[in-house]
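Letter by letter, the chains look like this.
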Protein chains: 2
Amino acid sequence: MPTVSSEELAAAAGVNSAKLRKDFSYLGSYGTRGVGYDVEYLVYQISRELGLTQDWPVVIVGIGNLGAALAGYGGFASRGFRVAGLIDADRAMTGKQVAGLTVRHTDELEPLIKESGVSIGVIATPAGAAQAVCNRLVEAGVTSILNFAPTVLNVPEGVDVRKVDLSIELQILAFHEQRKAGEEAELREAEAADAVQGGKPAADAAARPTAAKKRTGQGPDGDVPAVMPA
Amino acid sequence: MPTVSSEELAAAAGVNSAKLRKDFSYLGSYGTRGVGYDVEYLVYQISRELGLTQDWPVVIVGIGNLGAALAGYGGFASRGFRVAGLIDADRAMTGKQVAGLTVRHTDELEPLIKESGVSIGVIATPAGAAQAVCNRLVEAGVTSILNFAPTVLNVPEGVDVRKVDLSIELQILAFHEQRKAGEEAELREAEAADAVQGGKPAADAAARPTAAKKRTGQGPDGDVPAVMPA
DNA sequence: CCATCTTTGTGCACGCGTTCACAAAGGCAT
DNA sequence: ATGCCTTTGTGAACGCGTGCACAAAGATGG
């Protein structure tokens with residue numbers, strides 16, 4: 001398949017084709033009218049725009065379970081990331097092999113960063129150590145930090161930080177789970193009510209999943225969550 | 001501090017106070033005019049709405065580095081998540097202690113889910129095993145899945161899946177990093193150009209970080225990324 | 001008990017992103 | 001070469017979320 005139309009791509013991605021074309025137009029990927037986009041050229045353009053064609057040396061600090069998992073994560077290499085070094089404060093870890101690399105002691109952090117030209121650092125330390133590590137990374141010239149420690153990091157202007165909280169995703173699932181349970185309960189309620197007053201039960205109840213509930217002052221406790229844009 | 005105003009909270013969170021009030025109004029948390037919101041009551045209401053007051057038993061499948069890291073993650077307990085069990089397909093892992101729990105074999109997946117009333121499953125297996133695990137989880141009654149494996153999972157209607165790709169966050173950092181580098185280069189370019197034609201250099205150049213570049217047909221390759229809403 | 005002050009809750013307007021719809025453009029068959 | 005068909009690129013309209021601004025409500029002090 002040498003070319004694709006925006007329509008095909010949009011269908012595959014589950015988005016609107018116009019939006020897709022407009023997005024492509026931002027990066028100037030000229031398609032051919034009447035034909036579509038040249039797949040190979042398109043892939044290359046997007047890869048370049050996203051920085052996938054560049055080599056990004058990365059340093060991972062804190063080689064516990066999470067650090068080790070990250071070091072061995074397959075998805076990095078294919079996206080242009082190269083683990084330039086693993087750093088841990090624990091002397092017992094130093095020298096060990098993890099994912100084919102030797103763990104080095106914190107003392108070697110700065111030289112490692114400078115030698116390898118690292119501009120992205122990953123923090124997988126306990127919360128207590130994160131800020132100190134962060135400071136050292138920034139001081140050594142790192143300008144982007146991916147933080148897995150459950151702390152908010154303070155950084156100077158010009159440094160990007162992204163925080164990954166593994167429990168937030170679970171949180172979101174739980175929220176929807178609760179919502180599901182709540183709606184079912186509400187639906188049963190509504191059915192019961194409809195049955196009493198002889199309304200059309202199932203179809204009607206299913207048709208208004210978020211409608212009900214208008215802030216009845218009573219029952220502030222055990223009731224179902226109010227309607228809220230998720 | 002028994003109460004807070006929306007203004008204080010908004011400042012702390014770095015958002016607009018009106019938006020914050022409007023958001024609160026969705027869940028019906030009535031504040032008191034002239035005073036603010038009762039902190040304790042507010043915390044309780046938000047916790048309840050988010051499902052933090054409920055107990056969410058969770059099963060983790062695939063106890064490699066990542067699975068182990070998740071099992072030991074401190075942030076779970078405080079948010080109402082309880083690791084009900086650890087499952088691994090490798091007989092060599094079975095019976096081992098990880099984060100205070102005994103790893104159980106895949107055979108025990110279904111009984112575990114049913115006994116503990118698990119409705120949320122976490123997949124931390126290699127990509128190849130993920131879909132099979134997913135199917136078994138769904139079959140056993142799990143309705144929410146957090147997927148760390150680098151695969152897209154197919155699930156029936158009514159089951160929520162969230163995919164966590166650890167490299168995507170790095171990707172985003174790299175993208176901005178590239179952008180930074182590009183802008184600096186562009187800025188230097190602009191300064192040079194201004195110097196030649198005697199314009200006011202620094203202030204002007206800094207004032208239009210995204211303005212330049214208007215799709216000059218030439219130089220499709222080595223040039224700086226086009227302007228694009230991040 | 002009334003006046004004043006603070007802070008909430010919300011109608012309204014603005015702005016941005018998405019979607020629609022269509023003219024322009026290129027391919028392809030006749 | 002000409003006309004038709006397909007698909008792009010984009011101007012315009014729509015919808016939604018955010019921010020502004022103010023009236024209503026409660027507290028507080030005289």
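Please read all numbers here as calculations on a predicted model, not as lab measurements. (Residues numbered from 1 in each chain as written. Chains lettered and ligands numbered in written order. Predicted model: local features only at pLDDT ≥ 70, side-chain atom pairs only at ≥ 80, totals over all residues. Heavy atoms only, no water.)

If you tally the helices and strands in chain A, you get 8 helices and 9 strands. For chain A, the residues scored as buried account for 40% of the 230 residues in total. In chain A, once contacts between residues fewer than 6 apart in sequence are set aside, the share between residues at least 24 apart is 48%. (Helix = DSSP H or I, 4+ residues; strand = E, 2+ residues; numbered from the N terminus. Buried < 20%, exposed > 50% of the residue type's maximum accessible area, 1.4 Å probe, protein only. Contact = heavy atoms within 4.5 Å.)

Time to look at the protein's contact with DNA strand D. As a matter of local geometry, DNA strand D sits amid 22 residues, with Ser6(A), Arg21(A), Tyr37(A), Lys22(B) and Arg33(B) nearest to it. A share of 60% of the atoms of DNA strand D within 4 Å of the protein falls on sugar and phosphate groups. At a separation of 3.3 Å, a phosphate oxygen of DNA strand D approaches a polar side-chain atom of Lys19(B). In the model, a base oxygen of DNA strand D is placed 2.6 Å from a nitrogen or oxygen of the Lys22(B) side chain. When residues in the surface near DNA strand D are grouped by element, the largest group, 4 residues, is from helix 2 (residues 17-26) of chain B. Looking at side-chain class alone, the surface near DNA strand D contains 5 nonpolar, 10 polar and 7 charged residues. (Near = heavy atom within 4 Å. Polar contact = N/O pair within 3.5 Å; in protein donor to acceptor, adjacent residues only side chain to side chain. Nonpolar A, V, L, I, M, F, W, Y, C, P; charged D, E, K, R; others polar.)

This part takes up the relation of the copies chain A and chain B. Superposing chain A onto chain B requires a rotation of 180° together with a translation of 0.1 Å along the rotation axis, leaving an RMSD of 0.1 Å. Put plainly, the chains are arranged around a two-fold axis. Relative to the rotation axis, the closest C-alpha in chain A is found at Asn65(A), a distance of 2.6 Å. By residue overlap, the copies meet face to face through one surface: 100% of the interface positions of chain A are interface positions in chain B. (Least-squares fit on C-alpha atoms with pLDDT ≥ 70 in both.)

Time to look at the protein's contact with DNA strand C. Of all residues adjacent to DNA strand C, which total 22 residues, the nearest are Arg33(A), Ser6(B), Arg21(B), Arg33(B) and Tyr37(B). Sugar and phosphate atoms represent 62% of those atoms of DNA strand C found within 4 Å of the protein. Taking Lys22(B), its side chain carries an N or O atom lying 3.2 Å from a base oxygen of DNA strand C. Tyr37(B) places a side-chain nitrogen or oxygen 2.7 Å from a phosphate oxygen of DNA strand C. Looking at the surface near DNA strand C, its residues break down into 5 nonpolar, 10 polar and 7 charged.

All names here are of chain B. Strands sit in the order 5-6-4-3-7-8-9 across an open sheet of 7 strands; the sheet is mixed. Looking at the sheet topology across the chains shown, the edges are occupied by strand 5 (97-98) and strand 9 (160-163). As defined by bridge partners, strand 7 (residues 120-123) adjoins strand 8 (residues 144-147) across 4 bridges and the pair is classed as parallel. Within strand 8, the residue paired with Ile120 across the bridge is Ser144. (Pairing = 2+ DSSP bridges.)

Another point: the nonpolar core. Ranked by internal contacts, the top residues of the largest apolar core, which has 54 residues, are Ile60(A), Leu70(A), Ile60(B) and Leu70(B). Here Leu70(B) is in contact with Leu166(A), Ile60(B), Phe76(B), Val122(B), Ala124(B) and Phe148(B), once residues within four sequence places are set aside. (Core = buried A, V, L, I, M, F, W, Y, C linked by side-chain atoms within 4.5 Å.)

So far we have only geometry, and geometry alone does not tell us how the molecule works.
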